[in-house]
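# Results of the structural survey
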Amino acid sequence: MKKIIFPAFILFLGLISICSHAQTHDQLKLVYDSPAKIWEATLPLGNGRLGMMPDGGVESEKIVLNDITMWSGSVEDALNPEAANYLPIIRQLLKEGKNHDAQKIMYQHFKCKGEGSAHGSGKDAPYGSFQLLGNLLINYHYPSKESVSNYQRELSISDAVARTSFRKGNVDFMREYFVSHEHGVIVIRLQADRKESIAFDVSLSRPERYEVSIKNNKLIMEGQLNDGLNGENGVKYFTKLEIVHKGGKIESNEKSLSLTNADEAFIIVSSSTNMLDADYENTVHNLLTEARIKSFAELKEKHVEKYRDKFNRVELDLGKQDNETPTNLRLSEFQQNDDASFVALYFQFGRYLMISGSRENTLPLNLQGLWANSVQSPWNGDYHLNINVQMNYWPAEVCNLSELHKPLVRFTEKLVPSGTATATTYYDAEGWMAHMMSNPWQFTAPGEHASWGSTITGGAWLCQHVWEHFSFMQDTTYLKRVYPLLKGAADFFLSSMIEEPKNGWLVTAPSSSPENAFFLPDNDQPVYVCMGPTMDVQIVNELFSNLLKASEILQIENETTAQIKEALPKLPPMQISPEGYLQEWMEDYKEYEPQHRHVSHLYGLYPSNQISVHETPDLADAAKQTLERRGDGGTGWSRAWKINFWARLHNGNRAYKLLKSLLEPAINELDTTSSHGAGTYPNLFCAHPPFQIDGNLGGTAGIAEMLIQSQHDYIELLPALPDNWSEGSFKGLRVRGGAEVNAKWHNKKLEEIKVISDFDRTYKLKIPTYISSVNSPQMQVDIKDGIILLDMKKGETVTLMMNE
């Protein structure tokens, strides 16, 4: 196994950095012993608005730059006014069991107007695509032509700083990179342990639609993206780069800046777009001006301090971290050595990605998170509303990053005007809704193909996150603000569902079970369009139930709540097939793809709480059979979802098996031209393939779900602990009702629990059967029917010691 050796110069600088930001737990790092050969091996940095990914090249270095608002496209009229004319015909055909005929009409008439997403290639369509900001290219010049030794590249997720270091000749070089959470700029520092050793050329470019100029020794890149319409409304961007240096001389030509014979330098990049900032050019100037007068030490210190305010809320200890073995080797060796500390690193890497990729006042994480390396991101890098954008935010609450849930909540609120028009145009219904995909331009129409684009519950699934934010934070001011949002979503289903003829159940129609098809009896052609797929029923049930809870808290009684109370008993029940699995559709149809990546009909198991080992054991058994039929394969995000499923079923070893599957190396590093498989890339990005961030964040949520659950009004600790996590502890995970929880265990048995309450509240804590009694220095504790009641005050901490 290859270990990484630090030059003395680098060790000294690293010691200073560590000592100045001391922590009680292990430093968490991704480390590598060579430059990145592919983008999926570069290191992601970001502040929720701007991002970069340096490859750590020695002679030349490519740093991909990102801005979360770099979107082509624009607001368009995608509503098809003739669609509602066909709705009665489609519904009647579905009632008659003529799904193929209904689907044929939908393919022709019940879709968006125009190109829609252009089948995932929409950068030049009005729908648009998320794009890279540009490429920052640095060509280095060295005083020595000698070979390189002691190379290391690392990303510290403990302080959100990346580093590259190596020795060339008899000179040690180090680079540091971060995207400031405090000052809003990108910073790169270049150092050497010998004076006058820093020399380089730097340039900015992108594949299209850019102009480069130099003014007062500042490099400027600007342009306007394609709006897909008349060319006037595309997003405009403005990027400015300045070199701050000690010693040496800067020269410029038309396209690049050069620095020679410097002792030290740092590059500052400021950038913005006009999507959310009308004064974006002045923003760029002001941020750059404010940053350049700071010392590098001050910039870094303030950045690390602000980042760690979020990151340090949670700790997970599953064993001592290995910061010497390259991370790509740890990834490949994990399949054999089951290194539990690597799981802790992966868990915290997911939290790192959320902190680095999301912030309160900008767009939510998309399929790519914040990071893209092309102008045409896969599937447009958009917001898939049939699981993917939601999975991005599964860790937000339980992993103590609640404020980072807000971009998704605000995104949902902004969909309402468009979603109201869509509800009226397609369904002649009240309220608002969204289908399967969206973008920053509030696209809510059906997709261009009904096989995947007709899913009717995209907006309602987003409302689950709106409720979850309240469930964890208990903020009634927030609940009052979002109540109309939840009510509008409920009003849509109350006014659009129909009675199916066989049982008189209220169902959605038309809809589909996301991206999966089935066979009608005596027909060998697959069909997607249906009435009342199980996932729709579960989502509507949850939406209605959550609105009733919100109404009770806010003391609201209105026509909507009355209609919901009348409608809930009329929803179809979840049905178990004679073969023992949970049916995906109202009828026990044969699936077109029995091992399909989506397992939509288990929405009720996770992220919802309608299927439970304790509360609904028969449905839980059916969910197990469903998962056995689906298998453990699938895309990266599909494997992440299955971790959460098995955690909810309290099968820790099976959840762990899926986690190992998610962490399978996605490429052969000896042959980087080979095709990519599902799993994990060298930089720990999730491979769909290609890269999608949902698998990372779904995996992080799954690990948390193995450690703590609170979906049934009680707290349950270590509900799905695998055998090889026999020792460990966590700190700072959150539960519904508004509390933080710490826990420590030995030989797979709880030893100590600490609960910190944010409110005056009584918490229920489910105690494992091996516990005979519990002691606490703060209160008398009694176990009754396996439950402890903790009557706590706001700000109070209670420590519980377990006795077998």
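Here the structure is shown first, and the text comes after it.
Predicted model, so just to flag it, every value in this text is computed and none were measured. (Residues numbered from 1 in each chain as written. Predicted model: local features only at pLDDT ≥ 70, side-chain atom pairs only at ≥ 80, totals over all residues. Heavy atoms only, no water.)

### Describing the packing of aromatic side chains
The condition is simple: Two rings from Phe, Tyr or Trp (for Trp, the six-membered ring) form a pair when their centres are within 6.5 Å of each other. A pair whose planes differ by under 30 degrees is stacked, one over 60 is edge-to-face, and the rest are tilted. A helix here means a DSSP run of H or I that spans at least four residues, while a strand means a run of E at least two residues long, and both kinds are numbered starting from the N terminus. Per-residue accessibility, obtained with a 1.4 Å probe over protein chains only, is compared with the maximum for each type, and a residue is labelled buried under 20%, exposed over 50%, and partly exposed between these values. Our definition puts a charge over a ring when NZ of Lys or CZ of Arg is within 6 Å of the ring centre and also within 35 degrees of the ring normal.
The tally for this structure, following the rule as stated, stands at 36 aromatic pairs. Ring geometry for Tyr-151 and Phe-166: centres 6.2 Å apart, planes at 10 degrees, overall stacked. Of this pair, Tyr-151 sits in strand E6 (residues 148-156) while Phe-166 sits in strand E7 (residues 161-168), and the two are 15 residues apart along the sequence. A relative accessible area of 0% places Phe-166 in the buried class. Here the aromatic rings of Phe-518 and Tyr-589 are separated by 4.3 Å at their centres, their planes lie at 15 degrees, and the arrangement is stacked. Of this pair, Phe-518 sits in strand E20 (residues 518-519) while Tyr-589 sits in the loop between helix H16 (559-567) and strand E21 (590-591), and the two are 71 residues apart along the sequence. Tyr-589 gets classed as buried once you look at its relative accessible area, which sits at 18%. One aromatic cluster is present, built from ring pairs that chain together Tyr-140, Tyr-142, Tyr-151, Phe-166, Phe-173 and Phe-200. Taking the ring centre of Tyr-140 as reference, the NZ or CZ of Arg-175 above it sits at 3.9 Å.

### So, the sheet that holds strand E30 (residues 773-775)
Rules: Only strands that DSSP links by at least two bridges are regarded as paired with each other. Interaxial angles span 0 to 180 degrees and are taken between N-to-C directions of axes, which are lines fitted to C-alpha atoms, for helices over the stretch in contact.
Strand order in the open sheet made by the 6 strands is E15-E26-E27-E28-E33-E30, with antiparallel pairing throughout. In the strand order of this sheet, the two ends are held by strand E15 (315-317) and E30, each with one partner. The average angle at which neighbouring strand axes cross in this sheet is 25 degrees, direction not considered. Bridge count between strand E27 (residues 739-746) and strand E28 (residues 749-757): 8 bridges; the pairing is antiparallel. Its bridge partner lying in E28, Trp-745 is registered against Leu-750.

### Describing the pattern of salt bridges
Two side chains that carry opposite charge are able to pair once their charged atoms sit near each other. In plain terms, the rule: By salt bridge we mean one thing: a side-chain nitrogen of Lys or Arg within 4 Å of a carboxyl oxygen of Asp or Glu.
Taken as a whole, this structure holds 46 salt bridges when the rule is applied. Of the charged contacts, one joins Arg-163 and Glu-154 as a salt bridge, the two residues approaching to 3.1 Å between their closest N and O atoms. Across the pair Arg-630 and Glu-591 runs a salt bridge whose closest N-O atoms are separated by 3.9 Å. A residue pair is termed long-range when its members are at least 10 positions apart, and Arg-630 in helix H17 (residues 617-630) and Glu-591 in strand E21 qualify at 39 residues. Glu-591 matches Arg-630 in its accessibility class, with the two residues each being buried. The structure contains a network of salt bridges with shared partners spanning Lys-29, Glu-154, Asp-159, Arg-163, Glu-176, Arg-189, Glu-264 and Lys-300.

### Some details on unusual backbone geometry
The phi angle of most residues is negative, glycine excepted, and most peptide bonds adopt the trans form. Following Ala-509, the chain continues into Pro-510 via a peptide bond in cis, with omega recorded as -5 degrees. On the secondary structure map, Pro-510 appears in the loop between strand E19 (506-507) and E20. Residues Tyr-606 and Pro-607 are joined by a peptide bond in cis, for which omega reads 15 degrees. Within the secondary structure, Pro-607 is located in the loop between E21 and H17. Of note in the backbone geometry, Asn-261 takes a positive phi value of approximately 55 degrees without being a glycine. Locating Asn-261 in the fold gives a position in strand E14 (residues 256-273). The backbone of Gln-555 shows a phi angle near 60 degrees, a positive value even though the residue is not glycine. Inspection of the secondary structure puts Gln-555 in the loop between helix H15 (534-554) and H16.

### A closer look at the sheet that holds strand E29 (residues 761-766)
Strand order in this open sheet of 5 strands is E24-E25-E29-E32-E31, and the pairing throughout is mixed. Sheet topology places strand E24 (708-709) and strand E31 (783-784) at the edges, where each strand pairs with a single neighbour. Relative to strand E25 (residues 715-717), E24 is paired through 2 bridges, and the arrangement is antiparallel. Bridge pairing in E25 links Ile-708 to Leu-717.

Purely geometric numbers; function is a separate question.
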